[in-house]
Amino acid sequence: MKNYDIVIIGGGPAGLAAAVSAKENGIESILILERDKELGGILNQCIHNGFGLHTFKEELTGPEYAGRFIEQVNELQIEYKLHTMVMDIRADKVITAMNREEGLFEIQAKAVILAMGCRERPRGALNIPGYRPAGIFSAGTAQRLVNMEGYLPGREVVILGSGDIGLIMARRMTLEGAKVKVVAELMPYSGGLKRNIVQCLDDYGIPLKLSHTVVDIQGKERLEGVTLAEVDGKGKPISGTEEFYSCDTLLLSVGLIPENELSGGMGVELNPVTSGPRVNESLETNIEGVFACGNVLHVHDLVDFVSEEAKAAGKNAAMYVKSEGITDRPASDKGKKPCVRLKATDGVRYTVPETIHVDRMADTLTVRFRVGGVYQNCFISAYFDDERVIHKKRPVVAPGEMEEIKLTKEQLEKYPDLEMITVKIEEA
């Protein structure tokens, strides 16, 4: 069995940034395990621009952004295995993986960083009636077909769901000569970034129908059309509002789910809201020495934030390994302060992290979260127990855009008996 200080599961943007950060923080023995034939993850098929404005201060395409990190990994001589499927991770950090060259093998790690990314929610999770004709794709599959394989999935397109991939594919299909007839969204608001609605729908005259869903699919061999209907406040179709659209392709952009089968299998506690691991200020899960970052933790809207989070995970994993796993762990050391819990309420759906050990946190900690609806002229507030400490005015907050607040160690040290930080939306 081979031994490594840090093993990273996933060679996408999170895994690459975590590996570079761990190496820069003094760890030599690092291995990235990637199941695809190349590093870079989902970015390889995201050929549109808009990446890297925060990280590199310039606008890049997805492959260019991934390429920057792949160069760093190669320059730092970080080891990686491609075409390698991780089958199992044990709580004692023994990883079982397989590939063509080595067959089934085991690796012992001192620390593990989970960076498996996320997957799309499939049609089966949607309860759409009708046959199963050819021509129904998830938006990500269609993106891969168009951008990497060179195939056009169809000529007349309806898109269900207004997540960022769906919006971007509306523009992409239009540029390739297809006719995108409509984008339908079940919720009364879009799930994507505002800039994508403007650049991908408005600029091309593609209508966005909010509070609408697909209620029927026509066609047996190949899709021939779909019926849309308006939905009420509970998401139930309203009789009499049905509209038929003839089309040969339906793209589904109905949400992303973090890939956490491995995490759950090894005993990592998952948050039911994000479907990702529960983590502390170091992005460490409930299993000591197992860290998580990127879309496996919670779905991000910008890859720059994935890299920023992964950088922190890589640094914290490096610190963990250097201390041989005997970091000042408040749980085992009775004299230490108890951890501070974070509570999401009143419009805030979750927070990452969920707990903070003040004595172990960095000087500044970014707490990220999403809201559960569209709020205008509101405040993002944080209460330290019962005292309101942060009160940020916002013209609008929406579920499609991730929000954040910054906490400083200095600020938290002023409250030695603090038990809970509550993050909420308050109406102006």
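Quick notes on the rules
Residues numbered from 1 in each chain as written. Predicted model: local features only at pLDDT ≥ 70, side-chain atom pairs only at ≥ 80, totals over all residues. Heavy atoms only, no water. Phe/Tyr/Trp six-rings, centres within 6.5 Å; stacked < 30°, edge-to-face > 60°. Helix = DSSP H or I, 4+ residues; strand = E, 2+ residues; numbered from the N terminus. Buried < 20%, exposed > 50% of the residue type's maximum accessible area, 1.4 Å probe, protein only. Lys NZ or Arg CZ within 6 Å of the ring centre and 35° of its normal. Patch = residues over 30% accessible without salt bridge, like charges linked within 9 Å, V, L, I, M, F, W, Y side chains within 5 Å. Areas by Shrake-Rupley, 256 points an atom, 1.4 Å probe, with all protein chains shown as cover. Salt bridge = Lys/Arg side-chain N within 4 Å of Asp/Glu carboxyl O. Contact = heavy atoms within 4.5 Å. Axes fitted to C-alpha atoms, helices over the stretch in contact; angles between N-to-C directions. Parallel < 35°, antiparallel > 145°, perpendicular 65-115°, else oblique. Left-handed = near helix turned anticlockwise from the far one by under 90°. Nonpolar A, V, L, I, M, F, W, Y, C, P; charged D, E, K, R; others polar. 1 Å grid on protein atoms, 1.4 Å probe; cavity = no way out; pocket = protein on both sides within 12 Å on 5 of 7 lines; lining within 4 Å. Points joined across faces, edges and corners; volume = space filled by probe spheres on them. Polar contact = N/O pair within 3.5 Å; in protein donor to acceptor, adjacent residues only side chain to side chain. Pairing = 2+ DSSP bridges. Lys, Arg positive; Asp, Glu negative; His and termini not counted. Charge placed at Lys NZ, Arg CZ, Asp CG, Glu CD. Core = buried A, V, L, I, M, F, W, Y, C linked by side-chain atoms within 4.5 Å. pLDDT = per-residue confidence, 0-100. Right-handed = clockwise from strand over helix to strand, strands pointing away.

**Regarding the packing of aromatic side chains**
Summed over all chains, the structure comprises 5 aromatic pairs. Aromatic side chains Y65 and F69 sit 5.5 Å apart centroid to centroid with 50 degrees between the ring planes, which places their arrangement in the tilted category. Placement of the pair is Y65 and F69 together in helix α2 (residues 62-75), with a separation of 4 residues, close to one helical turn. On the accessibility criterion, F69 (8% relative accessible area) is buried. Both rings, one in F384 and one in Y415, keep their centres 5.1 Å apart while their planes meet at 75 degrees; by these two values the pair is edge-to-face. Of this pair, F384 sits in strand β23 (residues 375-384) while Y415 sits in the loop between α8 (409-413) and β26 (420-427); the two residues are 31 residues apart in sequence, bridging distant segments of the chain. Since its relative accessible area comes to 2%, F384 is described here as buried. Among the aromatic side chains, those forming a connected cluster through ring pairs are F56, Y65 and F69. Seen from the ring of F56, R68 lies directly overhead, with NZ or CZ sitting 5.0 Å from the centre. Sitting over the face of the ring of F105, K81 holds its NZ or CZ atom 5.5 Å from the ring centroid.

**Here we look at a nonpolar patch on the surface**
On the surface, a nonpolar cluster with roughly 380 Å² of combined accessible area is contributed by M85, M87, M98 and L104. Mapped onto the fold, L104 is located in strand β8 (residues 103-114).

**Section: the side chain of N280**
For N280, the position within the fold is in the loop between α6 (261-265) and β19 (290-292). Apart from residues no more than four positions distant in its own chain, N280 is found in contact with P353, T355, H357 and R360.

**Observations regarding the packing of helix α4 (residues 164-175) against helix α5 (residues 194-201)**
What describes two packed helices is the angle between their axes and the distance between those same axes. Two elements in contact, α4 and α5, have axes separated by 8 Å at closest approach and are oriented at 20 degrees. Considered as vectors, α4 and α5 are oriented roughly parallel to each other. Where α4 crosses over α5, the handedness of that crossing is left-handed. The segment α4 lies against α5, with D164, L167, I168, A170 and R171 engaging N196, I197, Q199, C200 and L201. Residue composition of the contact of α4 with α5, grouped by class: 6 nonpolar, 2 polar and 2 charged.

**What about empty space enclosed by the protein?**
Unoccupied space between atoms shows up once a probe the size of one water molecule is rolled over them. Tallied over the full model, the rule gives 1 cavity of 30 Å³ or more. Computed from the structure, the largest cavity encloses a volume of approximately 30 Å³. Contributing to the lining of the largest cavity are N271, T274, P277, R278, V279, T351, V352, P353 and E354. When the residues that make up the lining of the largest cavity are grouped by side-chain class, the tally is 4 nonpolar, 3 polar and 2 charged.

**Some details on the side chain of S162**
You can see S162 is positioned in the loop between β11 (156-160) and α4. Looking at S162, its side chain comes within polar contact range of the side chain of E185, at 2.6 Å. Polar side-chain contacts of S162 include one of 3.0 Å to the backbone nitrogen of G191. Filtering out sequence-adjacent residues up to four positions away, S162 remains in contact with L167, V183, A184, E185, Y189, S190, G191, G192, L208 and S253.

**So, the sheet that holds β26**
Taken together, 5 strands build an open sheet; the order of strands is β21-β20-β26-β23-β24 and the sheet is mixed. Every interior strand has two partners, whereas the edge strands, β21 (355-356) and β24 (387-397), have only one. Where β23 lies against β26, 7 bridges are found, and the strand directions are antiparallel. In the strand pairing of β26, Y383 is matched with T422.

**A word on a negative patch on the surface**
Together, D385, D386, D417 and E419 make up a negatively charged patch on the protein surface. Along the chain, the position of E419 falls in the loop between α8 and β26. A residue is classified by how much of its surface remains accessible, and E419, at 59% relative accessible area, is exposed.

**A word on the nonpolar core**
It is characteristic of soluble globular proteins that their nonpolar side chains tend to be buried jointly. Counting 66 residues, the largest nonpolar core has I6, V7, I8, I9, I95 and L114 as the members making the most contacts within it. Among the elements that take part in this core, helix α7 (residues 303-322) stands out by supplying 9 residues, more than any other.

**Examining unusual backbone geometry**
For the bond running from V352 to P353, omega is 5 degrees, close enough to zero to count as cis. In this structure, P353 sits in the loop between β20 (340-344) and β21. We note that L283 has phi near 65 degrees; this positive angle belongs to a residue other than glycine. Tracing the sequence through the fold places L283 in the loop between α6 and β19.

**Description of the confidence of the model for the protein chain**
Low-confidence regions, as indicated by low pLDDT, have predicted coordinates that should not be scrutinised in detail. Residues of the protein chain with pLDDT of at least 70 account for 97%, and the chain-wide mean is 93. In this model, residues 329-335 is a region of pLDDT below 50 whose contacts with residues beyond four sequence positions or in other chains number 9 contacts.

**A few points about the pairing of strand β1 (residues 2-9)**
Along a regular strand, successive side chains alternate from one face of the sheet to the other. Among the 8 residues that make up β1, 6 are buried, leaving the element largely enclosed by the rest of the structure. Note that β1 and β8 share 7 bridges and pair parallel. Bridging across to β8, V7 finds its partner in V112. Bridge analysis of β1 against strand β2 (residues 30-33) gives 4 bridges, and the strand direction is parallel. By the bridge assignment for β2, V7 is matched with L31. Regarding topology, helix α1 (residues 13-24) serves as the crossover connection from β1 to the parallel β2, and that connection is right-handed.

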